[in-house]
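If you want the building blocks of each chain, they are given just below.
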Amino acid sequence: MAVNTGIPHTSERPRGGRIRRAAAAAAAVVTAAGLLSACGYGSKSEDNKPAAAPAGDSASAAKLSADTVKIGYFANLTHGTPLVGLQEGILQKELGATQIKTQVFNAGPAEIEALNAGSIDIGWIGPSPAINGFTKSEGKSLKIIGGSASGGVKLVVNPEKITSLDDLKGKKIATPQLGNTQDVALLNYLAGKGYKVDASSGAGDVSVVRSDNKVTPDAYKQGSIDGAWVPEPTASKLVTLGAKVLLNEKDVWPDKKFVITNIIVSQKFLAEHPDVVEAVLRGSVTTNAYIKANPDKAKATANEAIKKEAGNALEPAVLDPAWADIDFLDDPLAATLQAEADHAVTAGLLKKPNLNGIYDLTLLNKVLKEKGQSPVADAGLGAK
C-alpha cells in the first residue's frame, strides 16, 4: 500500500539531497505505522477513553453513521469477547472511522442504568440483568442482539465440610448477588433437590449468602462460608485455596450449554445506527472465531486486558482452568434465557416476565450468513 509522506510532488526531478530527505520522511512514516499496528487496543473504563484505532484502517474506511460508539463490559473472563476484541483491535477494525469509547462495570444493574442513561450504547452483560432491564422498561430499553459466552460457573465447596450434594443441608453457600444469574441458578437447584430456602433472605435448609466475588475468597478462608456457586475466575480461585468442584453448572443444562454473557444494545441506538451495531457484531463474531483458532494467545490477551483494567493479572492456576471451562459463541442460547427467567419466577424473585421482543437477531444472522454460518434462533422471543 502506498504511503502518503506529506511531501508535495513537483514536475522537476529532485536532486540528491531532496531524494535523501524524502526517503527519510517516508521511512519515518512507515516505521510509525508499523509500531502502531503492533500495539494492542483498549482503554481504561474509569477515564472513558477512546480505544485506539489500528493504523491504516480507520483513516481509509468508509464512515459509518456515528462518530462514536460507547461499549460496556466487565473485566471478567466470561467477557472474553470484548476483552480480546478490544485488545487485539478486531472491533475497531470493523468500525473503521467510528471511535470506540469503553466503560468497565462490576455489576449488571449499573451497566443497565448506564445504557438507560445513554452513557453506553452497546454492552456485554449477563442474562438476569438483561431480563430485568427489559421487563422494568416494559420492553422499551434494550434488545439482546447476540451471544458471547456459555458455561464458566461451578459449585465449589470445602471438602472437609461437604463431600457430596447430599451434604448441603445446614451449610452456607455464597452467590455473588441477590437475584443475579448464579443466585437464581443455586436457588433453582436447591428447590429441585427438595431444600426449602427463602429467596429474599437466603435463610432455610441451606443458607444462601450473598457475597461479592471480590470478597468471597476471603470469606472462604475465614470459614464464614462453606462453599459458593460462582462464575469464573472466582471458582478457580477458591480451588487454589483448597476448595473442590462439587458441580459444574454445565451438567444441569441440556447439551451442557447455557447463556452466561450476551450482547445488548439501546433500542434508540439500534434504530439510529444499525450499521454501527452490525459492525460491532461482525467484530464480535470475528473475535470469537479468533479465540477458537488461537485459544492460548486469546487467553493471554484476555489476561493482559484484565490486568490493564483491574490492576492484577490472574495467576496460571486460576486462569488456565477458568478459561478452559468457558465456551465463546455467537448463539445467544435464547431458550436458556427463557428457562433462567422461569427459574427466577419459581424462586419468587421475579414476576412472570413478558420477554416477547427481547431479541433482535436480524443483524447477527446477516453477519453469520455472510460468513457462511447457520443462523441462530430467538426461541420465539424475537422482534415483533
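So, a few notes on the structure that sits alongside this text. (Residues numbered from 1 in each chain as written. Predicted model: local features only at pLDDT ≥ 70, side-chain atom pairs only at ≥ 80, totals over all residues. Heavy atoms only, no water.)

1. A word on the overall build of the protein chain
Assigned secondary structure in the protein chain consists of 14 helices and twelve strands. Looking at the protein chain as a whole, 49% of its 384 residues are labelled buried. Of the roughly 17,500 Å² of accessible surface on the protein chain, 52% is carried by carbon and sulfur atoms. (Helix = DSSP H or I, 4+ residues; strand = E, 2+ residues; numbered from the N terminus. Buried < 20%, exposed > 50% of the residue type's maximum accessible area, 1.4 Å probe, protein only. Areas by Shrake-Rupley, 256 points an atom, 1.4 Å probe, with all protein chains shown as cover.)

2. Structural notes on helix H2 (residues 80-87)
For H2, the buried fraction is high: eight of the eight residues fall into the buried class. For H2, every residue scored as buried is listed here: Gly80, Thr81, Pro82, Leu83, Val84, Gly85, Leu86 and Gln87. Downstream of H2 by a residue or two, Gly89 has a phi angle that is positive, lying close to 80°.

3. Focus on the sheet that holds strand E9 (residues 227-231)
The strand order across the open sheet built from five strands is E8-E7-E9-E6-E10, with neighbouring strands paired in mixed fashion. Among the strands making up the open sheet, the edge pair consists of strand E8 (207-210) and strand E10 (244-248). On average, adjacent strands in this sheet sit at an angle of 25° to one another, irrespective of strand direction. The pairing of strand E6 (residues 153-157) with E9 spans five bridges and is classified as antiparallel. Within E9, the residue paired with Val157 across the bridge is Gly227. (Pairing = 2+ DSSP bridges. Axes fitted to C-alpha atoms, helices over the stretch in contact; angles between N-to-C directions.)

4. A look at the packing of helix H10 (residues 274-293) against helix H14 (residues 362-370)
Interhelical geometry of H10 versus H14 gives an angle of 50° and a closest axis separation of 9 Å. As judged from the angle between their axes, H10 and H14 are oblique. The interaxial crossing formed by H10 with H14 has right-handed handedness. Packed against H10, whose contacting residues are Pro274, Val277, Glu278, Leu281, Arg282 and Val285, the element H14 presents Leu363, Leu364, Lys366, Val367, Leu368 and Glu370 at the interface. In terms of residue class, the contact of H10 with H14 is made up of eight nonpolar, no polar and four charged. (Parallel < 35°, antiparallel > 145°, perpendicular 65-115°, else oblique. Left-handed = near helix turned anticlockwise from the far one by under 90°. Contact = heavy atoms within 4.5 Å. Nonpolar A, V, L, I, M, F, W, Y, C, P; charged D, E, K, R; others polar.)

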